[in-house]
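Here's the letter readout for the chains.
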Amino acid sequence: TRDGGFASPHPVVMADYKEQDDKLNQISQLKNRLLREVVGLDRGLAATGSQPQIIDGLVRELTDMEGKVNLNWKTSVEHQNYSTMDELQGVWRLAYTSAFTTGSLGGSRVGPPASIFPLILGSIYQVINNEMSQLDNVVEFFFNYSLPFTPQFSTPVIRASLKHSFEIEGDSTVRIVFKSTDVNVIGEGFFDTLPTFELPEIPQFFQSQLRSATFEVVYLDDDIRITRGDRGELRIYARC
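Residues numbered from 1 in each chain as written. Predicted model: local features only at pLDDT ≥ 70, side-chain atom pairs only at ≥ 80, totals over all residues. Heavy atoms only, no water.

**A closer look at unusual backbone geometry**
The criterion, for reference: The helix count covers DSSP runs of H or I at least four residues long, the strand count covers runs of E at least two residues long, and both are numbered beginning at the N terminus. Relative accessibility under 20% of the residue-type maximum defines a buried residue, over 50% an exposed one, and the middle range a partly exposed one, all with a 1.4 Å probe and only protein chains included.
Look at Asp 42: it is not a glycine, yet its phi comes out positive at around 50°. As for its position among the elements, Asp 42 is in the loop between helix 1 (11-38) and helix 2 (51-66). Residue classification places Asp 42 among the partly exposed positions, given a relative accessible area of 38%. A positive phi is found at Arg 43, a non-glycine position, where the angle reads about 65°. Summarising the element assignment, Arg 43 is placed in the loop between helix 1 and helix 2. What makes Arg 43 buried here is its relative accessible area of 12%.

See below:
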């Protein structure tokens, strides 16, 4: 101002800031509602009735408000220190998938049951390494009963790591190609001595034809990542 005081912000600028704040608050509220819905559903295995439809509807509201994800190495005004590819990398725990709402692991097609005697499905993780272009799906299984030769209160865990290469297609699609599977048993005593078993790798010629799949990243932030697979399954991950 002419008298040496500070000029007031332009009304248009103030309106833009308020609109942006309102949008961020709505996104935050939607995300919190979504997380409240999936808590206690055992990744979708315990979902009943209309719960899958409610969750799908909240995801659609959230993605419509946030807009399309663009996976690239560019920084933005909101995130000057990292890109969406930086956000993609890391260890993610599966919080919910629509593939489990039928009690199976097969997405929109019939798959195996989630409890395979004598094993019970444990935690599921996705580990993404940008530098190596590697994406591992890590699945843990617990024994359904105590083994007689294990220490008291100690039950071994079987961990299978399904290793894939990955590449970005278009703006937000990730294509993965299966490479190999590592299986190891985690536990005390005898189980500490067991090596990691690597199942044979399928020939290069067949990899893209037999073990290739895609998923679209429809939402991504510091805390959660939401994807839709090529079989229509919805997956919600929480960053570890």
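**Side note on the pattern of salt bridges**
Keep this limit in mind: We count a salt bridge whenever a side-chain nitrogen from Lys or Arg sits within 4 Å of a carboxyl oxygen from Asp or Glu.
In total, this model carries eleven salt bridges according to the counting rule given. Across the pair Lys 163 and Asp 136 runs a salt bridge whose closest N-O atoms are separated by 3.4 Å. On the criterion of sequence distance, the pair formed by Lys 163 in strand 5 (residues 157-169) and Asp 136 in strand 4 (residues 134-143) is long-range, its members being 27 residues apart. You can call Asp 136 buried: its relative accessible area is 9%. Among the charged side chains, a salt-bridge network with shared partners connects Lys 31, Asp 221 and Asp 223.

**Some details on the pairing of strand 5**
Convention followed: Between any two strands, at least two bridges found by DSSP are needed for them to pair.
In the sheet, strand 4 pairs with strand 5 via nine bridges, with the strands oriented antiparallel. What sits directly across from Val 139, in strand 5, is Ala 160. The pairing of strand 5 with strand 6 (residues 173-186) spans 13 bridges and is antiparallel. Bridged to Ser 161 within strand 6 is Asp 182. Between strand 5 and the antiparallel strand that follows it, strand 6, lie three residues; Gly 170 among them carries a positive phi value of about 70°.

**Quick notes on helix 2**
The cut-off we apply is this: Multiplying 1.5 Å by the residue count of a helix minus one yields the expected span of that helix. Picture the helix axis, draw a direction to every C-beta atom, and the arc is the one those directions span.
The terminal C-alpha atoms of helix 2, which comprises 16 residues, lie 23 Å apart, in line with the 22 Å expected from a rise of 1.5 Å per residue. All of the buried residues in helix 2 are Pro 52, Ile 55, Leu 58, Val 59, Leu 62 and Thr 63. Mapping the buried residues of helix 2 onto a view down its axis gives an arc of 130°, with all of them on the same face. In this structure, helix 2 carries Gln 53 and Asp 64 as exposed residues pointing more than 90 degrees from its buried face. Directly after helix 2, the chain includes Gly 67, whose backbone phi takes a positive value near 95°.

**Section: the pairing of strand 9 (residues 224-229)**
Counting buried positions over the six residues of strand 9 gives six, a clear majority of the element. Alternating residues of strand 9 divide into Ile 224, Ile 226 and Arg 228 and Arg 225, Thr 227 and Gly 229, and every residue in both groups is buried. With five bridges joining them, strand 8 (residues 212-220) and strand 9 adopt antiparallel strand pairing. Within the sheet, the bridge partner assigned to Glu 216 lies in strand 9 and is Arg 228. Hairpin connection of strand 8 to strand 9: three residues between the antiparallel strands. Connecting the antiparallel pair strand 9 and strand 10 (residues 234-239) is a turn made up of four residues, with Gly 232 showing a positive phi of about 90°.

**Re the nonpolar core**
Rules: Definition of nonpolar core: a set of buried residues of the types Ala, Val, Leu, Ile, Met, Phe, Trp, Tyr and Cys, connected through side-chain atoms within 4.5 Å. In this analysis, two residues are considered to be in contact whenever any of their non-hydrogen atoms come within 4.5 Å of each other.
The biggest cluster of nonpolar side chains holds 24 residues, and the ones touching the most others in it are Leu 71, Leu 88, Phe 166, Val 174 and Val 217. With four residues, strand 4 is the single largest residue contributor to this core. What Val 174 contacts, discounting residues up to four positions off in sequence, is Leu 71, Phe 166, Glu 167, Ile 168, Ala 213, Thr 214, Phe 215 and Val 217.

**Describing the packing of aromatic side chains**
So the rule is basically this: Pairing of aromatic rings covers Phe, Tyr and Trp, the last through its six-membered ring, and needs centres within 6.5 Å; plane angles under 30 degrees mean stacked, over 60 mean edge-to-face, and all others mean tilted. By definition, being over a ring means that NZ of Lys or CZ of Arg is both within 6 Å of the ring centre and within 35 degrees of the ring normal.
Following the criterion strictly, the structure yields zero aromatic pairs and no others. Cation over ring: Arg 225 sits above Trp 92, and NZ or CZ is 4.9 Å from the ring centre.

**Quick word on the environment of Phe 215**
One can find Phe 215 in strand 8. Sequence separation between Phe 215 and Gly 229 is 14 residues; the distance between their C-alpha atoms is 4.1 Å. For Phe 215, the residues in contact, after removing those within four places along its chain, are Gln 126, Leu 135, Ser 172, Thr 173, Val 174, Ile 176, Arg 225, Thr 227, Arg 228 and Gly 229.

**What to know about the confidence of the model for the protein chain**
As a reminder, the rule being used: Within a predicted model, pLDDT stands for the predictor's per-residue confidence, ranging from 0 to 100.
This prediction gives the protein chain a mean pLDDT of 80; 70% of its residues lie at or above 70. Low pLDDT, under 50, characterises residues 107-112; the predicted model gives this stretch nine contacts beyond four residues in sequence or across chains. Low pLDDT, under 50, characterises residues 205-209; the predicted model gives this stretch eight contacts beyond four residues in sequence or across chains.

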